[in-house]
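Chain residues, written in single-letter form:
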Amino acid sequence: MPATDAPPSPAAHRTWWRAPLVATLPGLPLLALEYRWFAAQDGPGAFSGVLYWAAGLLALAWVLPHRRSLRGLRIAAAGTGLGCALLPVTFAVLLGVAMAAS
């Protein structure tokens, strides 16, 4: 029986999925929660661009080619997407702390 699986090319990165997965596991539920939270308040308002950028960067981290040369770009896209997903929550927490302290 001939083997149907071709060996991976030397440029292929075997663990390409780690950075997008680590960023998507907390980022995607957080984005869904933020979207639902902002939709209940008549739309995302000032944070709409941040939410769309976060979703786009997380998607970009998954769809980049699986080459080792794009590892840094994939990590940067995943990390920036997660940072954008955390931005509205971080802002709300800091605003709450500032209001409680005064």
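Since the structure is predicted, the reported quantities are computational estimates derived from the model, not experimental observations.

Colleague: Even after reading the chapter, I still don't get the packing of helix H1 (residues 18-40) against helix H3 (residues 71-101), so can you show me in this structure?
Modeller: A packed helix pair is summarised by two numbers, namely the angle formed by the two axes and the spacing between the axes. Between H1 and H3, the shortest axis-to-axis distance is 9 Å and the interhelical angle comes to 35°. The element H1 and its partner H3 pack so that their crossing is left-handed. Residue-level inspection shows Ala 19, Pro 20, Ala 23, Pro 26, Gly 27, Leu 30, Leu 31, Glu 34, Trp 37 and Phe 38 of H1 in contact with H3, the latter providing Arg 74, Ile 75, Ala 78, Leu 82, Ala 85, Leu 86, Pro 88, Val 89 and Ala 92. Broken down by class, the residue content of the contact of H1 with H3 amounts to 16 nonpolar, one polar and two charged.

Colleague: Honestly, the packing of aromatic side chains in this entry has me stumped. Any pointers?
Modeller: Within this structure, the stated rule accounts for two aromatic pairs. An angle of 90° between the planes, with centres 5.8 Å apart, marks the rings of Trp 16 and Trp 62 as edge-to-face. Highlighted residues: Trp 16 in the segment before H1 and Trp 62 in helix H2 (residues 48-63), separated in sequence by 46 residues.

Colleague: Would you mind showing me how to read H2 here?
Modeller: Quick reminder: α-helices carry 3.6 residues per turn. Residues three or four places apart thus point the same way. Its 16 residues place the ends of H2 23 Å apart at the C-alpha level, agreeing with the 22 Å of an ideal helix rising 1.5 Å per residue. Regarding H2, the residues found buried are Val 50, Leu 51, Ala 54, Leu 57, Leu 58 and Ala 61. Buried residues of H2 fall within an arc of 135° about the axis and therefore sit on the same side. Exposed side chains of H2 directed beyond 90 degrees from the buried face belong to Tyr 52, Trp 53 and Val 63. Looking at the packing, one finds that the buried side of H2 touches H1 and H3.

Colleague: Honestly, H1 in this entry has me stumped. Any pointers?
Modeller: In this model H1 runs 33 Å from its N-terminal to its C-terminal C-alpha over 23 residues, within 8% of the 33 Å that 1.5 Å per residue would give. Where H1 bends most, at Thr 24, the angle is about 40°, and the proline Pro 26 comes one to four residues later. Residues of H1 that are buried include every one of Pro 20, Ala 23, Thr 24, Gly 27, Leu 30, Leu 31, Glu 34 and Phe 38, and no others. Residues of H1 that are buried make contact with H2 and H3. Within two residues after H1, Asp 42 carries a phi angle of roughly 65°, on the positive side.

Criteria and cut-off values
- The residue count restarts for each chain, going from 1 along the sequence in the order it is written.
- Confidence filtering applies because this is a predicted model: local features only for residues at pLDDT of at least 70, side-chain atom pairs given and counted only at 80 or more, and all residues used for totals across whole chains, interfaces and linings.
- In computing side-chain properties, one takes all heavy atoms of the structure into account and sets aside hydrogens as well as water.
- As a rule, the C-alpha atoms of each element are fitted with a line to give its axis, helices using only the stretch in contact, and angles between N-to-C directions run from 0 to 180 degrees.
- Helix and strand definitions here come from DSSP, where helices need a minimum of 4 consecutive H or I residues and strands a minimum of 2 consecutive E residues; each element is numbered from the N-terminal end.
- Should the near helix be turned anticlockwise from the far one by less than a right angle, the crossing is termed left-handed; should it be turned clockwise, right-handed.
- Between two residues, a contact is recorded if the distance between any of their heavy atoms is within 4.5 Å.
- Under the scheme applied, nonpolar residues are Ala, Val, Leu, Ile, Met, Phe, Trp, Tyr, Cys and Pro; charged residues are Asp, Glu, Lys and Arg; polar residues are all the others, including Gly.
- Each pair of aromatic rings taken from Phe, Tyr and Trp, with Trp reduced to its six-membered ring, is defined by centres within 6.5 Å and is described as stacked if the planes are under 30 degrees apart, edge-to-face if over 60, and tilted in the remaining cases.
- A helix is expected to span 1.5 Å for every residue after the first.
- Here's how the labels work: a residue is buried when its accessible area is under 20% of the maximum for its type, exposed when over 50%, partly exposed in between, all with a 1.4 Å probe on protein chains only.
- Taking the helix axis as origin, the arc is that swept by the directions to the C-beta atoms.
- To obtain the bend at a residue, axes are fitted to the seven residues ending there and to the seven starting there, and the angle between these axes is taken.

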